[in-house]
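A look at the structure
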Amino acid sequence: MRVLLTNDDGVGSPGLRALAEVFAADCDTAVVAPEHERSATGHAITLHKPLRARPVTTYPAGVTAWATNGTPADCVILGVLELLHQRPDVVVSGINVGANLGRDLTYSGTVSGAMEAAILGIPGIAVSVASFEDVRFEVAAGFVRELVRRMAERTLPGDTLLNVNVPNLPAASLRGVAITRQSARRYLSSLERRTDPRGLTYYWLAGRREPMPDVEGTDARAVADGFISVTPVHLNMTDDRLLQELRSWNLTVPR
Ligand code: MN
């Protein structure tokens with residue numbers, strides 16, 4: 001099996017290395033990842049400056065790795081269209097430091113890596129651990145390895161990807177695997193206004209999690225309850241109910 005790994009935390013991230021180690025054992029494994037952290041870049045691609053890729057030799061033997069100046073989506077495009085000798089069977093993006101739940105999916109570079117795979121017609125998996133401190137990667141890496149093994153038997157439908165979030169717990173403490181919906185969990189943005197050494201105003205964007213109950217059956221609830229969350233995600237963002245309602249508005253061309 002041929003596996004392409006990427007992430008948004010950068011080619012030196014221990015989460016990406018943990019994935020490379022489990023896949024290198026029995027898969028044809030390649031890494032194409034940003035040279036620096038590109039978290040929260042969403043699905044940006046690079047159109048207005050050169051893209052460059054340089055080989056990286058710090059990965060385990062048998063893993064071919066490149067660092068690029070691009071985003072996670074760029075990395076997947078570069079990998080599939082140019083750097084890899086053969087098309088990968090699956091693209092795994094992660095393991096991200098920090099959860100990608102609810103509204104995070106819109107901002108996430110990790111999810112966009114898997115989403116770009118889906119756009120290219122390749123099954124994609126995004127994987128994150130729900131902690132920023134003392135992050136355990138082994139359980140998440142082992143789970144994704146098993147998930148990919150299962151996907152070899154039954155592939156994903158077109159235009160879909162899987163978003164996996166793993167609580168930062170030892171395997172023995174995890175309660176199971178939950179198949180979930182994307183929640184509405186979000187961060188409330190806040191701006192800190194400061195003054196730079198030249199007396200000019202600048203802003204620093206931050207946010208804190210909105211206090212809201214986690215709805216049963218969602219990604220956020222599963223992770224809070226100690227389950228590995230697997231959410232099937234579709235590329236098509238059309239809202240079918242609103243589509244019906246909008247038709248009844250009888251909009252017309254102004255003449
Ligand atoms: Mn990240």
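All figures in this text were calculated on a predicted structure; none of them were measured in a lab.

Here we come to the overall build of the protein chain. Helix and strand content of the protein chain: 7 helices and 11 strands. Referenced to the eigenvectors of the C-alpha coordinate spread, the extents of the protein chain come out at roughly 60 × 55 × 45 Å. A total of 255 residues make up the protein chain; the buried ones form 46% of that total. When contacts within the protein chain are restricted to residue pairs at least 6 apart in sequence, long-range pairs at least 24 apart make up 76% of them. Both charge centroids of the protein chain, one from 26 positive and one from 28 negative side chains, sit 3 Å from each other.

Moving on, we come to the coordination of the manganese ion. On the protein side, the manganese ion has Asp8 (OD), Asp9 (OD), Ser39 (OG) and Asn96 (OD1) as donor atoms, found 2.1 to 2.3 Å from it. Considered as a linear motif, the donors of the manganese ion on their single chain read D-D-x29-S-x56-N. Taken together, the residues span a long stretch of sequence, with Ser39 in the loop between β2 (28–34) and β3 (53–56) and Asn96 in strand β5 (residues 90–97) at a distance of 57 residues. On the basis of relative accessibility, which here comes to 29%, the residue Ser39 falls in the partly exposed class.

Time to look at the packing of helix α1 (residues 14–24) against helix α5 (residues 138–153). Where α1 meets α5, the axes come as close as 9 Å, and the angle between the chain directions of the two elements is 45 degrees. On the basis of the axis angle, α1 is oblique to α5. In this structure, α1 crosses over α5, and the sense of that crossing is right-handed. The segment α1 lies against α5, with Ala18, Leu19, Val22 and Phe23 engaging Ala141, Val144, Arg145 and Val148. Each residue belonging to the contact of α1 with α5 can be placed in one class, and the counts come to 7 nonpolar, no polar and 1 charged.

Here 9 strands make up an open sheet; going across it, the order is β3-β4-β2-β1-β5-β6-β7-β11-β8 and the pairing mixed. Either end of the sheet is taken by a strand with one partner, and the two such strands are β3 and β8 (176–179). Taken over all neighbouring pairs, the strand axes of this sheet differ in orientation by 20 degrees on average, direction set aside. Relative to strand β11 (residues 227–234), strand β7 (residues 160–166) is paired through 6 bridges, and the arrangement is antiparallel. Of the residues in β11, the one forming a bridge with Val164 is Val230. Strands in contact with α1 are β1 (2–6), β2, β5 and β6 (124–129); relative to β5, the strand with the most contacts, it is inclined by about 140 degrees.

Taking burial as the measure, the 11 residues of helix α4 (residues 109–119) include 10 buried ones, the bulk of the element. For α4, the full list of buried residues reads Gly109, Thr110, Val111, Ser112, Gly113, Ala114, Met115, Glu116, Ala117 and Ala118. Elements in contact with the buried residues of α4: β1, α2 (72–83), β5, α3 (104–107), β6 and β7. Residue Ser108 occupies the N-cap position of α4, its side-chain oxygen lying 3.1 Å from the main-chain nitrogen of Thr110. Among the residues trailing α4, Gly121 stands out with phi positive, at a value near 80 degrees.

Calculation rules
- Residues numbered from 1 in each chain as written.
- Predicted model: local features only at pLDDT ≥ 70, side-chain atom pairs only at ≥ 80, totals over all residues.
- Heavy atoms only, no water.
- Helix = DSSP H or I, 4+ residues; strand = E, 2+ residues; numbered from the N terminus.
- Buried < 20%, exposed > 50% of the residue type's maximum accessible area, 1.4 Å probe, protein only.
- Contact = heavy atoms within 4.5 Å.
- Lys, Arg positive; Asp, Glu negative; His and termini not counted.
- Charge placed at Lys NZ, Arg CZ, Asp CG, Glu CD.
- Donors = N, O, S within 2.8 Å, 3.2 Å for Na, K, Ca; no water.
- Axes fitted to C-alpha atoms, helices over the stretch in contact; angles between N-to-C directions.
- Parallel < 35°, antiparallel > 145°, perpendicular 65-115°, else oblique.
- Left-handed = near helix turned anticlockwise from the far one by under 90°.
- Nonpolar A, V, L, I, M, F, W, Y, C, P; charged D, E, K, R; others polar.
- Pairing = 2+ DSSP bridges.
- Polar contact = N/O pair within 3.5 Å; in protein donor to acceptor, adjacent residues only side chain to side chain.

Read these as layout, nothing more, since geometry by itself doesn't imply function.
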